[in-house]
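Fold and contact review
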Number of protein chains: 2
Amino acid sequence: MARRLLRKSIPGIIDVARLAGVSPATVSRYSNQPDVVRYETRKRIESAIEELGYVPNGAARSLNMGASGTIGLIVPTIDNAIFAELAQAFSTALFRHSRTMLIAAHGYDLTRESVLVESLIEHRVDALAVVGLKHEEPTFEILSKRDIPAVMLWNYRERQPFPCIGVDNREVGRVATEHLIELGHRDILFLFAGMRGNDRAVDRRSGALSAMAAAGIDVPRARRAISPYDVQAAKELAVKALTATPRPTAIFSGNDVIALGVLFAAMSLGIRIPDDLSVIGIGDFRGSSAVEPGLTTVRIPARRIGRRGAEILIEMLDWPVAETRHDERLPVEVLLRGSTAQI
Amino acid sequence: MARRLLRKSIPGIIDVARLAGVSPATVSRYSNQPDVVRYETRKRIESAIEELGYVPNGAARSLNMGASGTIGLIVPTIDNAIFAELAQAFSTALFRHSRTMLIAAHGYDLTRESVLVESLIEHRVDALAVVGLKHEEPTFEILSKRDIPAVMLWNYRERQPFPCIGVDNREVGRVATEHLIELGHRDILFLFAGMRGNDRAVDRRSGALSAMAAAGIDVPRARRAISPYDVQAAKELAVKALTATPRPTAIFSGNDVIALGVLFAAMSLGIRIPDDLSVIGIGDFRGSSAVEPGLTTVRIPARRIGRRGAEILIEMLDWPVAETRHDERLPVEVLLRGSTAQI
DNA sequence: AATGCCTCTGCAAACGTTTTCATCGAACAT
DNA sequence: ATGTTCGATGAAAACGTTTGCAGAGGCATT
């Protein structure tokens, strides 16, 4: 961090007090409980604040109060349609309750996560949300040592060390697969998302494969692949798979980005969708409904997860004694659009 | 904000000092300039910290030092491919210099912006980056009153109150349009992005129209429309425009999202791209190269803008005396892909 | 007039760091 | 033996708020 800065000295509560002819205590009361200050005094303070351009020092306040008004969010990356939606909703919900979001990204490297947690704790976040259920030991340890209110977003499962708000990604993988099976598909190519440090992808995969097993359909190794989170890369992968024979009749895509790549691959090869090939995605990213044909996908309510996560944390802060668990399992649904059809 | 929380009392520097049998001053020195502390003492402090799970209190440090190690970023919204990329790069660059990003979004409502600035200043950000050149008076006022190092990202122009790092969006609009003109197009439909609180869109529009004027081509009102930032909405708009006669031979899209909508509209109508219609976008969002056919677009280096913005702010913090202006105009280039062709 | 209550305000002690200055030994040169 | 320098540490004063406690004055009740 920087050395001590000697900048134009910023006006503090004492300057305001002096100018308004009152004590600092009164100014403080003015900004925290205005109604206890006499009208006339209030006016004087107001104009003093106006004149000096006074903005209270959050660090001092935070030091005194033991709460910073800041809540942390740790995501794999911001630069991803779906986490961006989540973060935006989270931030908006916090703003509504006059708190601020401190966001940090670890780039799917869970070992870096505990460093971020520590950094956020150093900034004295009042509460913390993380994406996913899987975390390294230090992360859990530091969190419980401090007993900072924390939630895990995105993935839902029972009996977790912290409340979860999200969907059951095994269910997500399952319903997507079942949809294809119901349409009569037997030869399905599975393009899973990368699974390093990504328990959502792991769960989807396990849900998908168990649905196949339940239907008694074998999934040979050649029908399982892992695609990066990138339209172009997924497209190339799909092109390769679609030019080999025999060609699958359907493709399960671990997320909508991969599904888009598949769609474009099919277009470039002149394969008609859904006549020659069914494609299903996961996520319902913005734009997935607009692509031609519309992408059938499993909707994951990212915004709602973000909003509820924020609200629940605030609730935990405001009623710290409440012994209720705050888990929330959100429903998933298959959005039927044009990219899947009966075989 | 919350009332005073009475939580498990968190260990402070004094607890560490007591446990290690030294004074708080020594512990402080340990974490700031470890080399001045005797090896043996250092070891004792280390194990005390370990045992207590001590994490320094940023608020106290910030209060004392007058610097928080936090840098603010204000964007219209996080939930937008391009700003997410920017924010991610910004955050990463800050992290590399051990600072943290505090991000806030105003949803294209510039009047809300000054509230956010104030909130960030209350959190004592050491510096601030905002997107765009156009801001309400209070925003500028509060910033210059405090003389907090600030930069304006995304849009570049000379003689601005704060350093700009970005591209000249008039140039962006111009080169996109010139590309279409060079290909022989005369009847071009312009789908601009919404311009409320969005000076980037305003500039692109003005660049585009002036390029047309320079080429002596008239653009009737019916060939100018404004599209929301949404694939589906842009698609509907484009469908309407493409079913009317006469049909334009090319469409200028204010950004890649709109361009995607146009592409899908054309597909759904059986209009061949680029044979029957040329489409150009702006931004080079991820995935724009993978769509079929590849989208010709004007590349805007969002990541680089984010990274440079962060680096420049840090530079301004570390050498506050340097009188050099830190503006940076980044180059733009037309990426030729499959969606445009000679008429 | 004395008493009590209420409203508004001030005093001063925290909160957890960093940093200047001073102190104390030890090592070293004279 | 005496002075000098150096390295390692401690004491204490900030930094800018919030808040419990108490005091001052006004008003109503006895």
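None of the values given here were measured: they were computed from a predicted structure.

Each neighbour pair has its own omega, and for E292 of chain A with P293 of chain A the value is 0°, a cis peptide bond. For P293 of chain A, the location among the structural elements is in the loop between β9 (278-283) and β10 (296-299). The amide bond that connects I273 of chain B to the next residue, P274 of chain B, takes the cis arrangement and shows omega of 10°. Looking at the element boundaries, P274 of chain B is found in the loop between α11 (256-269) and β9 (278-283). Positive phi is not limited to glycine here, since Y108 of chain A has a value of about 60°. Look at Y108 of chain A and you get partly exposed, because its relative accessible area is 27%. The backbone of D147 of chain A sits at a positive phi, close to 25°, despite the residue not being glycine. Position of D147 of chain A among the secondary structure elements: in the loop between α7 (137-146) and β4 (150-155). The exposure class of D147 of chain A is partly exposed, given its relative accessible area of 36%.

Attention shifts here to the interface of chain A and chain B. In this complex, chain A contributes 79 residues to the contact, which on the side of chain B involves 80 residues. Together, the buried faces of chain A and chain B total about 6800 Å²; carbon and sulfur atoms form 55% of this surface. Here E292 of chain B ties to K235 of chain A by a salt bridge, and the two come within 2.7 Å at their closest N and O atoms. Across the contact surface, chain A and chain B share 26 residue pairs in polar contact (both at pLDDT 80 or more). It is helix α4 (residues 58-65) of chain A that provides the largest number of residues to the side of chain A that touches chain B, a total of eight residues. Class assignment of the residues belonging to the side of chain A that touches chain B gives a composition of 35 nonpolar, 20 polar and 24 charged.

To continue, consider the relation of the copies chain A and chain B. What relates the two chain copies is a rotation about an axis together with a slide along it. In the superposition of chain A on chain B (RMSD 0.1 Å, axial shift 0.1 Å), the rotation amounts to 180°. The transformation relating the two chain copies, once decomposed into turn and shift, fits a two-fold axis. The position closest to the rotation axis in chain A is occupied by the C-alpha of A59 of chain A, lying 2.3 Å away. In this assembly, 100% of the residues forming the interface of chain A have copies in chain B that are likewise at the interface, indicating an isologous arrangement.

This brings us to the pattern of salt bridges. Oppositely charged side chains are able to pair whenever their charged atoms sit close together. Enumeration according to the criterion identifies 42 salt bridges over all chains in this entry. Here the salt bridges share partners, and the residues they tie into one network are D79 of chain A together with E85, R286 and R303 of chain B.

Below, the discussion takes up the confidence of the model for chain A. Predicted confidence across chain A gives a mean pLDDT of 93, with 97% of residues reaching 70 or more. Throughout residues 2-6 of chain A the model reports pLDDT below 50, and contacts reaching past four residues in sequence, or to other chains, amount to 11 contacts.

Turning next to empty space enclosed by the protein. Counted by the stated rule, this structure contains one cavity of 30 Å³ or more. Put simply, the largest cavity is a space of about 690 Å³. Around the largest cavity, the lining is made up of 33 residues, and of these A81, F285 and R286 of chain A together with A81 and R286 of chain B lie nearest the centre. Every element with two or more residues in the lining of the largest cavity is listed here: α5 (81-96) and α11 (256-269) of chain A together with α5 (81-96) and α11 of chain B. Taken together, the residues that form the lining of the largest cavity break down as 17 nonpolar, six polar and 10 charged.

Together, E136, E137 and E141 of chain A together with E50 of chain B make up a negatively charged patch on the protein surface. Mapping E137 of chain A onto the fold places it in helix α7. According to the relative accessible area criterion, E137 of chain A is exposed, its value standing at 52%.

Here we come to the sheet that holds β9 of chain B. All names here are of chain B. Taken together, six strands build an open sheet; the order of strands is β7-β6-β8-β9-β10-β12 and the sheet is mixed. Strand pairing shows two members of the sheet lacking a second neighbour, β7 (224-227) and β12 (333-335), which therefore form its edges. Each strand axis lies, on average, 20° off the axis of its neighbour in the sheet, ignoring direction. Bridge count for β9 against strand β10 (residues 296-299) is four bridges, and the pairing is parallel. What sits directly across from G281, in β10, is T297. Contacts from helix α8 (residues 169-182) reach β6 (188-193), β8 (250-253), β9, β10 and β12 within the one sheet, and its direction differs from that of β8 by about 170°.

As a structural note, the neighbourhood of DNA strand C is formed by 24 residues, with T26, R29 and T41 of chain A together with I13 and S28 of chain B the closest of them. A share of 64% is what sugar and phosphate atoms reach among the atoms of DNA strand C within 4 Å of the protein. The separation between a base nitrogen of DNA strand C and a polar side-chain atom of R29 of chain A is 2.7 Å. In this structure, a phosphate oxygen belonging to DNA strand C sits 3.5 Å away from a main-chain N or O atom of N57 of chain B. Mapped by element, the contributors of at least two residues to the surface near DNA strand C are α2 (24-32) and α4 of chain A together with α2 (24-32) and α4 (58-65) of chain B.

What follows is about the domain arrangement of chain A. When the domains of chain A are assigned, the result is domain 1 (2-56), domain 2 (68-168 + 302-330) and domain 3 (169-301). Taking only C-alpha atoms, the centre of domain 1 of chain A and the centre of domain 3 of chain A are 60 Å apart.

Moving on: the packing of aromatic side chains. Residue and element names in this part refer to chain A. As enumerated under the stated definition, the model contains 10 aromatic pairs over all chains in all. Here the aromatic rings of F190 and F252 are separated by 5.1 Å at their centres, their planes lie at 40°, and the arrangement is tilted. In this pair, F190 sits in strand β6 (residues 188-193) while F252 sits in strand β8 (residues 250-253), placing the two residues 62 residues apart along the sequence. You'll find F190 and F252 in the same group, each marked buried. Feature note: the residues F190, F192 and F252 constitute an aromatic cluster, connected by ring pairs. Of note, R205 hangs over the ring of F192, and the distance from its end group to the ring centre comes to 5.6 Å.

Further remarks concern the packing of helix α1 (residues 13-20) of chain A against helix α3 (residues 39-52) of chain A. Residues and elements named next belong to chain A. At a minimum axis separation of 9 Å, α1 and α3 run at an interaxial angle of 125°. Comparing the axis directions of α1 and α3 gives the class oblique. The crossing of α1 and α3 is right-handed. Of α3, the residues touching α1 (which contributes D15, V16, L19 and A20) are R44, I45, A48, I49, E51 and L52. In the contact of α1 with α3, the residues fall into seven nonpolar, no polar and three charged.

Rules behind the numbers
- Sequence order as written defines the numbering, with residues in each chain counted from 1.
- Chain letters start at A and ligand numbers start at 1, both assigned in the order the entries are written.
- This being a predicted model, a pLDDT of at least 70 is required before a residue's local features are given, and a value of 80 or more before pairs of side-chain atoms are given or counted; all residues contribute to the totals for chains, interfaces and linings.
- Water and hydrogen atoms play no part in the side-chain values, which are based on all heavy atoms of the structure.
- Helix and strand labels come from DSSP, where a helix needs a run of H or I of at least four residues and a strand needs a run of E of at least two; each type is numbered from the N terminus.
- Accessibility here uses a 1.4 Å probe with only protein chains present; expressed as a share of the type maximum, an area under 20% marks a residue as buried, one over 50% as exposed, and anything in between as partly exposed.
- In this analysis, two residues are considered to be in contact whenever any of their non-hydrogen atoms come within 4.5 Å of each other.
- What gets called buried area is simply the loss in accessible area from a 1.4 Å probe that two parts show on being joined, summed for both.
- For this document, the term salt bridge refers to a Lys or Arg side-chain nitrogen within 4 Å of an Asp or Glu carboxyl oxygen.
- By the criterion applied in these results, polar contacts are pairs of N or O atoms within 3.5 Å in which, for protein atoms, one can donate a hydrogen and the other can accept it, and in which residues neighboring in sequence qualify only through two side-chain atoms.
- Gly is put with the polar residues, along with every residue not named as nonpolar or charged; the nonpolar set is Ala, Val, Leu, Ile, Met, Phe, Trp, Tyr, Cys and Pro, and the charged set is Asp, Glu, Lys and Arg.
- Least squares is used to superpose the copies, and the fit set is the C-alpha atoms of residues whose pLDDT is at least 70 in both copies.
- Per residue, pLDDT captures the predictor's confidence, and it can take any value from 0 to 100.
- Residues are said to line a cavity or pocket when one of their atoms sits within 4 Å of a point; the points come from a 1 Å grid over protein atoms alone, cavities being sets where a 1.4 Å probe fits but cannot get out and pockets being open sets with protein on both sides within 12 Å along at least five of seven lines.
- Grid points are joined across faces, edges and corners, and a volume is the space filled by probe spheres set on the points.
- A patch is a set of surface residues, each over 30% in relative accessible area and not in a salt bridge, joined within 9 Å for like charges and within 5 Å for the nonpolar side chains Val, Leu, Ile, Met, Phe, Trp and Tyr.
- Only the protein chains shown count as cover for residues, and the accessible areas themselves come from Shrake-Rupley with a 1.4 Å probe.
- Here Asp and Glu are counted as negative and Lys and Arg as positive; His is not counted, and neither are the chain ends.
- A single reference atom marks each charge: NZ on Lys, CZ on Arg, CG on Asp, CD on Glu.
- Here, any two strands with at least 2 DSSP bridges between them count as paired.
- Fitted lines through C-alpha atoms give the axes, limited to the stretch in contact for helices. The angle between two N-to-C directions lies from 0 to 180 degrees.
- Only heavy atoms are used to decide nearness, and a residue is near a molecule or strand if one of them lies within 4 Å of it.
- Each domain's limits were defined by an automated method or a database of domain assignments.
- Here the aromatic set is Phe, Tyr and Trp, taking the six-membered ring for Trp, and pairing holds for ring centres within 6.5 Å; pairs whose planes are under 30 degrees apart are stacked, those over 60 apart are edge-to-face, and all others are tilted.
- For a ring to carry a charge above it, either NZ of a lysine or CZ of an arginine must fall within 6 Å of the ring centroid while also lying within 35 degrees of the normal to the ring plane.
- By definition in this entry, angles of less than 35 degrees are roughly parallel, angles greater than 145 are roughly antiparallel, angles of 65 to 115 are roughly perpendicular, and the rest are oblique.
- A crossing counts as left-handed when the near helix is turned anticlockwise from the far one by less than a right angle, and as right-handed when that turn is clockwise.

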